[in-house]
Amino acid sequence: MNELAENAAAATALVVCKDAEAQRLIIESLKPLAIRAEICGEVFAAARLLDKQKFEAVIVDLLLGEGALLVMEQLRFSRANRTAVTFAITGGDGAPTPGVKLDSTFVLPRPLSAASINQTLRTCCA
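Presented here is an overview of the structure given in this document. Because the structure is a prediction, the values reported are computed rather than measured.

On to the side chain of Asp-61. By the element assignment, Asp-61 lies in strand S3 (residues 57-61). Once you skip the residues sitting within four places of it in the chain, Asp-61 turns out to touch Val-16, Cys-17, Ala-68, Ile-89 and Arg-110.

Have a look at this one:
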C-alpha cells in the first residue's frame, strides 16, 4: 500500500533538513496534497539530487548555514529545478539565520507546527 501511495504522488518535494521532528511535520503536511517528500539531511547529497531528479518544490533548513546557500545556489543552476517552488525553514526566532541570505519563495518560521506548515502550503497551492 505504501508503494501505491508513493506512485500516486502528483509531485515530489526535496526536503533538506537534519531535524527529525521538522521532517516528520513536513512529510505529514505534504501527504494530503499528494506530494511525496524526498528527505535529505546531507547538503552535498541534496546538491547531487538536484542534478539528477526533478522536484516541484524544495524545502531548505537555513540552520544548515552555508550548506543551505549551496543547495539554493545549486537549485538556481539546475535546468530541471530552477522553477521549483522554494521554502526556507528559518531559525528559532522566525528570522533568517544570520549570514544566510533568504532566497526562497515561501518561509516556514520556527517553531514549526502542523498548522503553520499547512497554512503556508495552502497559500502556496491556492
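What follows concerns the packing of aromatic side chains. Using the criterion set out here, one finds one aromatic pair in the structure. Ring geometry for Phe-87 versus Phe-106: centroids 5.4 Å apart, planes at 25°, classification stacked. With a gap of 19 residues between them, Phe-87 in strand S4 (residues 85-89) and Phe-106 in strand S5 (residues 106-108) connect regions that are remote in the sequence. A residue is classified by how much of its surface remains accessible, and Phe-87, at 2% relative accessible area, is buried.

Moving on: the packing of helix H2 (residues 20-30) against helix H5 (residues 114-125). Between H2 and H5, whose axes approach to 9 Å, the crossing angle comes to 45°. The orientation of H2 with respect to H5, classified from their angle, is oblique. Along this stretch, H2 crosses H5, giving a crossing that reads as right-handed. Between H2, through Leu-25, Ile-26, Ser-29 and Leu-30, and H5, the contact on the second element is made entirely by Ala-114, Ile-117, Asn-118 and Leu-121. A class-by-class count of the residues in the contact of H2 with H5 yields six nonpolar, two polar and no charged.

Val-43, Ala-45, Ala-46, Ala-47, Leu-49 and Leu-50 are the residues of helix H3 (residues 43-52) that are buried. Where H3 is buried, its residues meet strand S1 (11-16), strand S2 (35-40), S3 and helix H4 (66-77).

All right, on to the pattern of salt bridges then. Evaluation of the coordinates by the stated rule reveals five salt bridges. Residue Asp-19 is joined to Arg-110 by a salt bridge in which the shortest nitrogen-to-oxygen separation is 3.6 Å. Within this pair, whereas Asp-19 is found in the loop between S1 and H2, its partner Arg-110 is found in the loop between S5 and H5, the two being separated by 91 residues in sequence. You can call Asp-19 partly exposed: its relative accessible area is 31%. On the accessibility criterion, Arg-110 (13% relative accessible area) is buried.

Quick look at the sheet that holds S5 now. The strand order across the open sheet built from five strands is S2-S1-S3-S4-S5, with neighbouring strands paired in parallel fashion. The open sheet has two edge strands with one neighbour each: S2 and S5. Across the sheet, the axes of successive neighbouring strands diverge by a mean angle of 20°, strand direction being ignored. The pairing of S1 with S3 spans four bridges and is classified as parallel. The partner of Val-15 across the bridge, within S3, is Ile-59. Together, S1, S3 and S4 form the strand contacts of H4, whose direction differs from that of S3 by roughly 160°.

Rules used in this analysis
- Residues numbered from 1 in each chain as written.
- Predicted model: local features only at pLDDT ≥ 70, side-chain atom pairs only at ≥ 80, totals over all residues.
- Heavy atoms only, no water.
- Helix = DSSP H or I, 4+ residues; strand = E, 2+ residues; numbered from the N terminus.
- Contact = heavy atoms within 4.5 Å.
- Phe/Tyr/Trp six-rings, centres within 6.5 Å; stacked < 30°, edge-to-face > 60°.
- Buried < 20%, exposed > 50% of the residue type's maximum accessible area, 1.4 Å probe, protein only.
- Axes fitted to C-alpha atoms, helices over the stretch in contact; angles between N-to-C directions.
- Parallel < 35°, antiparallel > 145°, perpendicular 65-115°, else oblique.
- Left-handed = near helix turned anticlockwise from the far one by under 90°.
- Nonpolar A, V, L, I, M, F, W, Y, C, P; charged D, E, K, R; others polar.
- Salt bridge = Lys/Arg side-chain N within 4 Å of Asp/Glu carboxyl O.
- Pairing = 2+ DSSP bridges.

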